[in-house]
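Analysis of the macromolecular model
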Amino acid sequence: MVIFAALLAACATAPVQEMSDARQAIVAAKQAGASQEAPAELAKAQHYLQNAEQALQRHDFGRARASAEKAKEAASGALRVSRRFNDDKPTNELKSPPKSP
């Protein structure tokens, strides 16, 4: 009975932390170059976040939480792909060209 009450309480509150985590993960993925290196994964993360926001507006906190968690997971995947791509680049491609005096 206690476990059921705890699960019910978790679903009854707005998933503020999960939404924040998902947004931060998407920002990190974008900053790592996911728009170029992992566009499908980034788009999936943004789609899940949009679903979470819509569910939140309907006060469907369970669905909002689940979608936010999926958004964070997809964004983390986009970040991993972007980092892997950047790690494979030759060093001279990562640096900006020298400025002329």
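The sections below set out a description of the structure shown in this document.

Rules of the game
- Residues numbered from 1 in each chain as written.
- Predicted model: local features only at pLDDT ≥ 70, side-chain atom pairs only at ≥ 80, totals over all residues.
- Heavy atoms only, no water.
- Helix = DSSP H or I, 4+ residues; strand = E, 2+ residues; numbered from the N terminus.
- Expected span 1.5 Å × (residues − 1).
- Buried < 20%, exposed > 50% of the residue type's maximum accessible area, 1.4 Å probe, protein only.
- Core = buried A, V, L, I, M, F, W, Y, C linked by side-chain atoms within 4.5 Å.
- Contact = heavy atoms within 4.5 Å.
- Salt bridge = Lys/Arg side-chain N within 4 Å of Asp/Glu carboxyl O.

**A few points about helix 5 (residues 61-88)**
With 28 residues, helix 5 should cover 40 Å at 1.5 Å per step; its first-to-last C-alpha distance of 40 Å lies within 8% of that length. Here helix 5 has its buried residues at Phe-61, Ala-64, Arg-65, Ser-67, Ala-68, Ala-71, Ala-74, Ala-75, Gly-77, Ala-78, Leu-79 and Ser-82.

**Examining the nonpolar core**
Counting residues in each nonpolar core, the largest one holds 18 residues, and the members touching the most others are Ile-26, Ala-29, Ala-34, Leu-42, Leu-49 and Ala-78. Residue assignment for this core shows that the elements contributing at least two residues are helix 2 (16-31), helix 4 (39-57) and helix 5. Look past the residues within four positions of Ala-78 in its chain and what remains in contact with it is Ala-29, Ala-34, Ala-38, Glu-41 and Leu-42.

**Focus: helix 2**
When the terminal C-alpha atoms of helix 2 are compared, their 23 Å separation across 16 residues agrees well with the 22 Å that a helix rising 1.5 Å per residue should span. Contacts made by the buried residues of helix 2 are with helix 3 (34-37), helix 4 and helix 5. Remark: Gly-33 follows helix 2 within two positions and exhibits a positive phi of approximately 100°.

**Some details on the pattern of salt bridges**
Summed over all chains, the structure comprises three salt bridges. Close ionic contact of Arg-65 with Glu-18 constitutes a salt bridge, the shortest N to O distance being 3.1 Å. Separated by 47 residues along the polypeptide, Arg-65 in helix 5 and Glu-18 in helix 2 bring together distant segments of the chain.

**Regarding unusual backbone geometry**
Of note in the backbone geometry, His-59 takes a positive phi value of approximately 60° without being a glycine. Within the secondary structure, His-59 is located in the loop between helix 4 and helix 5. Given a relative accessible area of 60%, His-59 falls into the exposed group.

Any functional reading would require information that these geometric values do not contain.
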